[in-house]
Amino acid sequence: MEPAERFQLDVLAYLQCAMGLLGSLALVLADSVYGRYTSPGPDLRVPARAAWALQELPSLAVPLWVCARTAAERLRRAPNRILLAMFLVHYAQRSLIFPFLIRGGKPVPLLTFVLASMFCVYNGYLQSRYLSQHAVYADDWVTDPRFLVGFCLWLIGMLVNIHSDHILRNLRKPGETGYKIPRGGLFEYVTAANYFGEVVEWCGYGLASWSIQGWAFAFFTFCILLTRAQQHHQWYLEKFEDYPKLRKIIIPFLF
Ligand SMILES: NC(=O)c1ccc[n+]([C@@H]2O[C@H](COP(=O)([O-])OP(=O)(O)OC[C@H]3O[C@@H](n4cnc5c(N)ncnc54)[C@H](OP(=O)(O)O)[C@@H]3O)[C@@H](O)[C@H]2O)c1
């Protein structure tokens with residue numbers, strides 16, 4: 001593959017890091033943009049289930065399209081295949097399962113929906129194009145400690161994320177839309193246990209892929225979810241007098 005394209009994918013990865021910082025700033029300035037912070041108003045919104053299914057779908061569809069339209073030479077190698085599978089497994093869950101389990105989720109403002117969809121096209125292309133055409137790993141990369149530790153972190157992070165989202169969902173009975181204090185699992189230690197799982201997951205992916213592209217996605221996720229976790233934490237403290245004071249924001253025992 002052309003070195004020029006490899007350079008372009010590196011530039012896209014650095015831009016993704018900048019997007020993470022800008023996105024975090026935008027969340028602070030706009031006081032977050034979806035979920036509990038959206039005030040009732042006349043602006044256009046997409047129902048929660050449709051929004052999550054459609055905005056996340058490009059992360060699944062774009063990699064499949066990228067790999068189908070050109071000979072995905074590097075996918076003959078096991079490390080590349082496993083890393084792409086890690087990405088696709090997450091987004092199969094996020095776009096095909098997660099949306100249909102949501103209970104009483106708030107409609108997503110149209111602008112947030114459009115920006116999230118565009119990000120998923122961008123990131124789906126970046127990760128899949130890099131792994132299918134450019135990433136070169138040694139034959140024994142799958143036994144390298146970076147890959148093994150990264151893979152375990154990815155798996156543990158994904159399980160924590162799914163379990164924590166399950167706890168949040170079950171706080172509401174069918175038809176309810178209000179908020180309660182989450183209990184159980186890692187919520188005993190942090191406000192944003194689902195975000196903690198997601199950050200660990202993508203840091204594991206970054207480590208296992210040992211690439212600018214993998215780390216850029218982990219950094220983007222960390223920027224966005226750290227900001228949102230801080231806002232959730234402050235919101236719980238203000239809303240619930242009995243909110244557990246020792247609970248950290250996103251990283252158990254630390255922060
Ligand atoms: N990789 C990334 O950059 C990235 C970015 C954003 C999100 N995500 C992932 O996407 C998933 C959803 O994110 P999110 O920001 O929507 O998470 P969230 O704010 O924690 O909300 C998740 C769901 O649980 C409900 N919920 C949250 N707290 C609740 C409470 N105390 N009582 C009752 N229901 C509650 C929410 O309802 P409402 O909609 O009514 O608030 C929503 O349906 C998470 O797994 C997250 O990790 C990833």
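Bear in mind the structure is a predicted one, so any value in this text is a computation, not a measurement.

**Some remarks on helix 4 (residues 78-101)**
Link 1 in the chain: A rise of 1.5 Å per residue sets the reference length of helix 4, with its 24 residues, at 34 Å; its end C-alpha atoms lie 33 Å apart and thus fit the reference within 8%.
Link 2 in the chain: Its maximal kink placed at Arg-94, helix 4 deviates by approximately 35°.

**Quick notes on the site of the ligand**
Link 1 in the chain: Around the ligand, the surrounding shell holds 26 residues, and the nearest of these are Tyr-34, Asp-165, Tyr-179, Lys-180 and Tyr-195.
Link 2 in the chain: Tyr-34 places a polar side-chain atom, nitrogen or oxygen, 2.6 Å from an oxygen atom of the ligand.
Link 3 in the chain: Between Thr-221 and the ligand, the recorded distance is 3.5 Å, taken from a side-chain N or O atom to a nitrogen atom.
Link 4 in the chain: Against a free-state accessible area of 900 Å², the protein chains account for coverage of 92% of the ligand.
Link 5 in the chain: The element contributing the most residues to the shell around the ligand is helix 8 (residues 212-239), with six residues.

**As for the UniProt feature "transmembrane region" (unreviewed entry) in the chain**
Link 1 in the chain: UniProt records the feature "transmembrane region" (unreviewed entry) for residues 12-30, 108-126, 147-164 and 207-227 in the present numbering.
Link 2 in the chain: For the annotated span residues 12-30, helix accounts for 95% and strand for 0% of the residues, and the straight-line distance between the end C-alpha atoms is 25 Å.

**Overview of helix 6 (residues 145-169)**
Link 1 in the chain: For helix 6, with 25 residues, the first-to-last C-alpha span of 36 Å sits near the 36 Å given by 1.5 Å per residue.
Link 2 in the chain: Taken as a whole, helix 6 has its buried residues at Phe-147, Gly-150, Trp-154, Gly-157, Met-158, Val-160, Asn-161, Ser-164, Asp-165, Ile-167 and Arg-169.
Link 3 in the chain: Packed against the buried residues of helix 6 are helix 4 and helix 7 (193-209).
Link 4 in the chain: One side-chain oxygen of the residue at the start of helix 6 lies 2.8 Å from the amide nitrogen of Arg-146, identifying that residue as Asp-144.

**Description of a nonpolar patch on the surface**
Link 1 in the chain: A cluster of nonpolar side chains, contributed by Leu-44, Leu-110, Leu-111, Val-114, Leu-115 and Met-118, occupies part of the molecular surface with about 590 Å² of accessible area.
Link 2 in the chain: With respect to the helices and strands, the residue Leu-115 is situated in helix 5 (residues 110-134).

**So, the packing of helix 1 (residues 3-29) against helix 5**
Link 1 in the chain: In the contact formed by helix 1 and helix 5, the axes pass within 11 Å of each other and the chain directions differ by 145°. Between helix 1 and helix 5 lies a crossing of left-handed hand. Note on element contacts: helix 5 touches helix 1 through Phe-119, Tyr-122, Asn-123, Tyr-125, Leu-126, Gln-127, Arg-129, Tyr-130 and His-134, opposite Glu-5, Arg-6, Leu-9, Leu-12, Ala-13, Leu-15, Gln-16 and Met-19.

**Looking at the environment of Ile-162**
Link 1 in the chain: Tracing the chain through its elements places Ile-162 in helix 6.
Link 2 in the chain: Among the residues examined, Ile-162 registers a relative accessible area of 30% and is labelled partly exposed.
Link 3 in the chain: Along the backbone, Ile-162 and Val-114 are 48 residues apart, and their C-alpha atoms lie at a distance of 24 Å.

**Focus on the UniProt feature "domain: 3-oxo-5-alpha-steroid 4-dehydrogenase C-terminal" (unreviewed entry) in the chain**
Link 1 in the chain: Under the present numbering, the feature "domain: 3-oxo-5-alpha-steroid 4-dehydrogenase C-terminal" (unreviewed entry) in UniProt falls on residues 107-255.
Link 2 in the chain: The straight-line gap between the two end C-alpha atoms of residues 107-255 is 30 Å; of that span, 64% is helix and 1% is strand.

**So, the environment of Leu-27**
Link 1 in the chain: Considering the arrangement of structural elements, one finds Leu-27 in helix 1.
Link 2 in the chain: Leu-27 sits in the buried class, given a relative accessible area of 7%.
Link 3 in the chain: A C-alpha to C-alpha distance of 23 Å links Leu-27 and Leu-254, two positions 227 residues apart in sequence.

**Considerations on the side chain of Arg-129**
Link 1 in the chain: As for its placement among the helices and strands, Arg-129 is situated in helix 5.
Link 2 in the chain: Taking relative accessible area as the criterion, Arg-129 reaches 8% and is therefore assigned buried.
Link 3 in the chain: Polar side-chain contacts of Arg-129 include one of 2.5 Å to the side chain of Glu-5.
Link 4 in the chain: Of note is the side chain of Arg-129, whose polar atom sits 3.5 Å from the side chain of Thr-70.

Conventions we followed
Residues numbered from 1 in each chain as written. Predicted model: local features only at pLDDT ≥ 70, side-chain atom pairs only at ≥ 80, totals over all residues. Heavy atoms only, no water. Helix = DSSP H or I, 4+ residues; strand = E, 2+ residues; numbered from the N terminus. Expected span 1.5 Å × (residues − 1). Bend = angle between axes of the 7 residues up to and from the residue. Near = heavy atom within 4 Å. Polar contact = N/O pair within 3.5 Å; in protein donor to acceptor, adjacent residues only side chain to side chain. Areas by Shrake-Rupley, 256 points an atom, 1.4 Å probe, with all protein chains shown as cover. UniProt positions renumbered as here; feature names shortened; annotations may be inferred. Buried < 20%, exposed > 50% of the residue type's maximum accessible area, 1.4 Å probe, protein only. Contact = heavy atoms within 4.5 Å. Patch = residues over 30% accessible without salt bridge, like charges linked within 9 Å, V, L, I, M, F, W, Y side chains within 5 Å. Salt bridge = Lys/Arg side-chain N within 4 Å of Asp/Glu carboxyl O. Axes fitted to C-alpha atoms, helices over the stretch in contact; angles between N-to-C directions. Left-handed = near helix turned anticlockwise from the far one by under 90°.

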